[in-house]
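# A closer look at the structure
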Amino acid sequence: MQPNSISSPKFKVSRFNPHREHLKTQITHTSLLTLKPRASLPKIQKNTSQISQRSEIPLLKMQSMGSPLSQSYLLEMEKVYCVWHSETGIVGGEQKKHNQDAILVQNLNNYQLFIVCDGHGSSGHLVSNYVLNTLIQQIEQGMQRNQYMLQYNTQLHKTVIKGAFAKTSSLLEQSSLPISRSGCTCNIVMLLQQNIVPADLGDFQQEFQKESVVYCANVGDSRAMMVSKGVRGGLITNQLSMDHRLDVVEERNRIKQKGGTIAQLQHNGQPVGPYRVWLDEMQGSGLAMSRSFGDTQMQSVGVTSEPTIYESKVRKQDLFMVIASDGVWEYMTNQQVAKLVYEKYEQQDQAAQYLVQQAQQQWKENDVVVDDISCIVVFFNQSL
């Protein structure tokens with residue numbers, strides 16, 4: 001299966017990592033939603049241990065370099081409510097020197113961007129912030145160059161996003177950053193309203209109807225998910241992205257065809273942890289994903305920064321999106337994450353921090369370290 005050419009609305013992924021769920025992912029393409037503002041938005045609680053604020057300026061950017069970081073934002077165009085939070089990981093009982101995650105929320109003229117980057121390697125924090133800043137610039141430039149045609153050719157959005165990823169990867173490799181064994185994942189969600197078939201208003205007048213659309217582009221194992229109301233109650237989760245890991249058949253095959261080795265780490269002669277890609281000599285710690293920005297020494301064995309891009313329409317039953325680094329998903333299923341966020345549906349300003357804290361607790365119960373953990377939650381504020 002080639003990136004950006006998904007023809008089937010469903011795909012399944014079986015995982016070898018016992019801590020990760022067996023995924024059933026469905027990309028939806030139906031129904032139309034007119035987003036309405038919530039009657040009363042939750043008040044932001046001030047806390048001296050975090051950065052917290054409410055903003056309605058047209059441009060908002062935040063990069064997580066410390067811990068904790070938390071902000072809330074009312075996005076003007078769609079009247080959706082967005083909160084995000086990031087916590088630095090823990091090693092040896094102490095907080096890490098750098099938070100290698102970088103997250104961004106940006107509200108532009110006709111669309112919003114939500115980006116989560118997760119760095120790895122000794123320079124991962126530098127790579128994630130470089131990729132975040134460069135990627136947003138490239139997307140903005142691409143949208144501006146094609147602003148007229150984008151109103152009528154929806155496939156151009158994917159072309160702009162794909163081109164922005166390629167240019168960002170090229171600029172990263174031309175930079176002075178040490179990226180031979182450092183890199184980052186990236187999951188980006190673009191939310192916008194686009195024109196569909198014109199509605200005939202009579203007297204030779206026509207007006208384009210609009211629909212709310214999500215484009216999700218992913219490199220690596222950060223993940224985006226939509227959560228919806230079920231017909232008979234309950235929550236339905238739909239992944240908007242595919243994790244690029246070594247237990248995905250298409251990813252394994254590409255690595256093997258390029259001569260890469262796929263194996264787990266060894267501890268006392270026993271395999272542990274997720275499958276990783278290695279060069280033939282199997283030195284270092286391997287790479288626990290099949291796609292990433294940077295990691296130039298792994299490019300010869302099929303590791304690529306080319307994203308998979310999915311498109312879906314926002315539907316009336318959709319409640320919220322979660323975009324998060326793999327620290328959220330490592331020990332929790334999609335359903336567990338959806339339930340935790342839903343618990344804070346009436347206290348939306350607390351949802352992102354609550355989810356990160358619960359993910360931290362799972363790490364403490366299952367591992368000797370705690371990963372950097374970041375998430376963005378986007379509420380559509382439908383009536384329950």
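First things first, this report covers the structure right here in the doc. In this text the structure is predicted, and so the values were computed from the model without any measurement.

Rules and cut-offs
- Residues numbered from 1 in each chain as written.
- Predicted model: local features only at pLDDT ≥ 70, side-chain atom pairs only at ≥ 80, totals over all residues.
- Heavy atoms only, no water.
- Axes fitted to C-alpha atoms, helices over the stretch in contact; angles between N-to-C directions.
- Helix = DSSP H or I, 4+ residues; strand = E, 2+ residues; numbered from the N terminus.
- Parallel < 35°, antiparallel > 145°, perpendicular 65-115°, else oblique.
- Left-handed = near helix turned anticlockwise from the far one by under 90°.
- Contact = heavy atoms within 4.5 Å.
- Buried < 20%, exposed > 50% of the residue type's maximum accessible area, 1.4 Å probe, protein only.
- Pairing = 2+ DSSP bridges.
- Expected span 1.5 Å × (residues − 1).
- Core = buried A, V, L, I, M, F, W, Y, C linked by side-chain atoms within 4.5 Å.
- 1 Å grid on protein atoms, 1.4 Å probe; cavity = no way out; pocket = protein on both sides within 12 Å on 5 of 7 lines; lining within 4 Å.
- Points joined across faces, edges and corners; volume = space filled by probe spheres on them.
- Nonpolar A, V, L, I, M, F, W, Y, C, P; charged D, E, K, R; others polar.

## With respect to the packing of helix H1 (residues 124-145) against helix H2 (residues 155-174)
- At a closest axis distance of 8 Å, the pairing of H1 and H2 adopts a crossing angle of 140°. Comparing their axes, H2 and H1 come out oblique. For the crossing formed where H1 meets H2, the hand is right-handed. Contacts between H1 and H2 pair Val127, Tyr130, Val131, Thr134, Leu135, Gln138, Ile139, Gly142 and Met143 from the former with His157, Val160, Ala164, Phe165, Lys167, Thr168, Leu171 and Leu172 from the latter.

## So, unusual backbone geometry
- Look at Asn268: it is not a glycine, yet its phi comes out positive at around 55°.
- Its location among the elements puts Asn268 in the loop between strand E14 (261-267) and strand E15 (270-278).
- For Asn268, a relative accessible area of 71% translates into the label exposed.

## Side note on the pairing of strand E8 (residues 101-107)
- For E8, the tally of buried residues reaches seven of seven residues, placing the bulk of the element in the interior.
- What you see with E8 is no split at all: Asp101, Ile103, Val105 and Asn107 on one side and Ala102, Leu104 and Gln106 on the other are buried throughout.
- With seven bridges connecting them, E8 and strand E9 (residues 111-120) associate as antiparallel partners. Along E9, the bridge assignment pairs Asp101 with Asp118.
- Joining the antiparallel neighbours E8 and E9 is a turn of three residues.

## Side note on helix H6 (residues 351-366)
- End to end, H6 covers 23 Å across 16 residues, agreeing with the expected 22 Å (1.5 Å per residue, within 8%).
- Regarding H6, the residues found buried are Ala351, Ala352, Gln353, Tyr354, Leu355, Val356, Ala359, Gln360 and Trp363.
- Buried positions along H6 lie against strand E5 (80-87), strand E18 (318-324), helix H4 (326-329), helix H5 (334-343) and strand E19 (373-379).

## Re the nonpolar core
- One finds Tyr111, Leu113, Cys117, Ile139, Phe165, Ile188 and Met190 to be the most contacted residues of the largest nonpolar core, which totals 34 residues.
- Contributing elements (two or more residues each) for this core: E8, E9, H1, H2, strand E10 (183-202) and strand E11 (205-219).
- Considering every element that reaches this core, the biggest residue donor is H1, with seven residues.
- Those residues in contact with Leu113 that lie beyond four places of it in its chain are Leu104, Val105, Gln106, Leu108, Ile136, Ile139, Ile188, Val189 and Met190.
- The next biggest cluster of nonpolar side chains, apart from the first, holds 30 residues, and it includes Leu319, Val322, Ala338 and Val377.

## Let's talk about the layout of surface pockets
- A volume near 1200 Å³ is recorded for the largest pocket.
- Lining of the largest pocket is provided by 46 residues; of these, Leu265, Pro274, Arg276, Ser285 and Ala288 occupy positions nearest its centre.
- The set of elements that each furnish at least two residues to the lining of the largest pocket consists of E9, E14 and E15.
- Tallying contributions element by element places E15 first for the lining of the largest pocket, with five residues.
- Tallied by class, the residues present in the lining of the largest pocket amount to 18 nonpolar, 15 polar and 13 charged.

Read these as spatial facts, not as claims about activity.
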